Amino acid sequence: MTIDSEAPVRARTADVDLPADLPERRRAAVAEAVLQAEPASTGNRRAAVGVRRYGPGCVALALRGRFDRAGRERLRALAAEVERQARTELVIDLSGLDHCDAGLARVLARLRIRCLAREARVELHDPPEALAAELGQFRL
């Protein structure tokens, strides 16, 4: 996971040096994470994860396919590294989930709570209705 470290303009926010073009980088990183996960999840739609950094302490995570027990275990193993790197912000794109269960909700809730406890901003994109309800999110 690498990002362009030559950002020309930077803004200082709460002791973290963030790129001034953070919203653009966020959108691009989410799109790249989705593309990273997409080929792995085609066909049988097995669980796939894409991860991209887009600034200091900022991580985009995309989940695709069906997360069975093996997929949840892979995500759980990756979660510690994502949590460590997402010191400022974590965006989780869930629009490509084919199936989610209570086990996946627990893995995501744990990751979300740990990031929030470290005062990182956490944003969920397009969670399925059942997952949104499980995580206490409301879809508009």
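About the thresholds
- Residues numbered from 1 in each chain as written.
- Predicted model: local features only at pLDDT ≥ 70, side-chain atom pairs only at ≥ 80, totals over all residues.
- Heavy atoms only, no water.
- pLDDT = per-residue confidence, 0-100.
- Contact = heavy atoms within 4.5 Å.
- Pairing = 2+ DSSP bridges.
- Helix = DSSP H or I, 4+ residues; strand = E, 2+ residues; numbered from the N terminus.
- Axes fitted to C-alpha atoms, helices over the stretch in contact; angles between N-to-C directions.
- Salt bridge = Lys/Arg side-chain N within 4 Å of Asp/Glu carboxyl O.
- Buried < 20%, exposed > 50% of the residue type's maximum accessible area, 1.4 Å probe, protein only.

This paragraph deals with the confidence of the model for the protein. For the protein, per-residue confidence averages 83 on the pLDDT scale, and residues scoring 70 or more make up 79% of the total. Every residue in residues 1-15 scores below 50 in pLDDT, and together they form 26 contacts with partners more than four places removed in sequence or on other chains.

Attention shifts here to the sheet that holds strand S4 (residues 58-66). Spatial strand order, S3-S4-S5-S6: 4 strands in an open sheet with mixed pairing. Because the sheet does not close on itself, it has two edges, and the strands there are strand S3 (48-55) and strand S6 (121-125). Pairwise comparison of adjacent strand axes, ignoring direction, gives a mean angle of 15° for this sheet. In the sheet, strand S5 (residues 89-99) pairs with S6 via 5 bridges, with the strands oriented parallel. Among the inter-strand pairings, Ile 92 is bridged to a residue of S6, identified as Leu 124. Across the sheet, helix H3 (residues 102-117) lies against S4, S5 and S6, angled at about 170° from S5, the strand it touches most.

In this section: the pairing of S3. When S3 meets S4, the two strands line up antiparallel, connected through 7 bridges. When the bridges of S4 are listed, Gly 50 appears paired with Ala 62. With antiparallel pairing between neighbouring strands as the criterion, S3 and S4 make up a hairpin whose turn holds 2 residues, including Gly 57 at a positive phi of roughly 75°.

Tallied over the full model, the rule gives 11 salt bridges. For Glu 38, the salt bridge goes to Arg 64, with nearest N and O atoms at 3.1 Å. Of this pair, Glu 38 sits in helix H1 (residues 22-41) while Arg 64 sits in strand S4; the two residues are 26 residues apart in sequence, bridging distant segments of the chain. Its relative accessible area of 4% is what places Arg 64 among the buried residues.

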